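Coordinate inspection notes
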Amino acid sequence: MTTKSKGITWDQAGARRLDRQFLANPAPDGTPVADIVTAMRGAHAQVMSAAELSVAVRATGVTRADVRAALWEERSLIKTYGPRGTVHLLGTRELPLWSAALTAVRTGANPFPPDVRLTDEQTEQVVAAIGDALADACLTVDELGEAIVARTGPWAGERVMPAFQELWPRWRTVLHLAGQSGAVCFGPNRGRRTTYTRPPRFTPLPAEEALRLLVRRHLHAYGPATPQHFAKWLSALPDWAGKLFASLAAAGEIEEVVFEGTRAWVAAGDTEFPQGPVRGVRLLPYFDAYGIAAQPRELLFPGRAYERALARGQAGNFPLLLVDGVVAGVWHQRRQGRRIRVTVEPLGTLTARQERDLTEQAERVAAALEAGGGAELVIGEVTAGPHA
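Residues numbered from 1 in each chain as written. Predicted model: local features only at pLDDT ≥ 70, side-chain atom pairs only at ≥ 80, totals over all residues. Heavy atoms only, no water.

When charged atoms on two side chains of opposite charge get close, those side chains can pair. According to the stated counting rule, one finds 19 salt bridges in the structure shown. We note a salt bridge from Glu-143 to Arg-190, for which the minimum N-O separation is 3.0 Å. Here the residue Glu-143 occupies a position in helix 7 (residues 141-151), and Arg-190 occupies one in strand 9 (residues 185-190), the gap between them amounting to 47 residues. Residue Glu-143 is classed as partly exposed on the basis of its relative accessible area, which comes to 30%. Among the salt bridges present, the one from Arg-308 reaches Glu-345, with a minimum N-O distance of 2.9 Å. Placement of Arg-308 in helix 14 (residues 305-308) and of Glu-345 in strand 17 (residues 339-346) is noted, with a sequence separation of 37 residues between them. (Salt bridge = Lys/Arg side-chain N within 4 Å of Asp/Glu carboxyl O. Helix = DSSP H or I, 4+ residues; strand = E, 2+ residues; numbered from the N terminus. Buried < 20%, exposed > 50% of the residue type's maximum accessible area, 1.4 Å probe, protein only.)

Moving on: helix 11 (residues 238-250). When the terminal C-alpha atoms of helix 11 are compared, their 18 Å separation across 13 residues agrees well with the 18 Å that a helix rising 1.5 Å per residue should span. For helix 11, the set of buried residues is Trp-240, Ala-241, Leu-244, Phe-245 and Leu-248. Mapping the buried residues of helix 11 onto a view down its axis gives an arc of 135 degrees, with all of them on the same face. Counted as exposed and oriented over 90 degrees from the buried face of helix 11: Asp-239, Lys-243 and Ala-250. Residues of helix 11 that are buried in the fold lie against helix 9 (207-222), helix 10 (227-234), strand 11 (254-259) and strand 12 (262-267). Phi turns positive, to about 80 degrees, at Gly-252, one or two residues after helix 11. (Expected span 1.5 Å × (residues − 1). Arc of directions from axis to C-beta. Contact = heavy atoms within 4.5 Å.)

Here it is, written out as structure tokens:
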């Protein structure tokens, strides 16, 4: 049962978000993997195994093999640079939207010092060189670097970018921009080495249309939201997001609601919300889209969860235990032979029903990861630290 209201509670918003994320109920049998990723508004793929699990736990019977098939065989998914300039799985059909919108987002100052960053002209040269080098090729990072330097000059290959206790070549400071523009995406690994290639050719949407659709679809998945929430999800300038929301409100594309006593926005006409919260437990892996995008964060991570499940305020660095739609602990999984050992650290006492649900969730994780021996559930302290 739903209610149409302009005074929306956290429980109502959470229930609708979880439903639209296939976390209240799994996606119906036969739902294409790409449709699940699209509903998530992209699956963060900094840790590829976590991205596979994020998608798989949202559908009964789907495993990491199905996600890989959608990515490398069907090509209905693409691995590239998405929101926040981070690696994501995105629906291939949505590339015209993502590329146009992400290249139009206003971000903050360049994080690199002047002696590391590229000029605007050099950035254009590098992005063009990347696209040209990968037109009909699948190259490792070293091979791509050689091709870029050959097309631009030695300056592009100077090792000046600090990364993981070493220095990377200068051109890599704008690799995410090349990905967002459609010049590069990830190819299948060559052994243990990452490769890059060029995505299928597409024509980006007009920037204004793409931004309008991006806001409306974000609000469909994670609304009600404020411009500040949207900016945080994109790593965009809050003032820019505020002006964008104001223009869309004036055009009747989005409408204002009251969410937990605060002004927020939903897509125009999208004001129906469930009456109560979603009950039960869920296990979400590293960098799950729901844990990153759902706001306000202090309500998603209440009480002790704000300290335990966020790494210096950064969402995504811990796998999350959700209880009735809010973060109520962390967990960790480790493969042991044919079984998966799932250690869950609740921040409060679980009921007998919640422990039974947790056992089912652990088995779902094992099935998604294709662990033929099932899951061993351990309730206790998680000693693994946050992911980098």
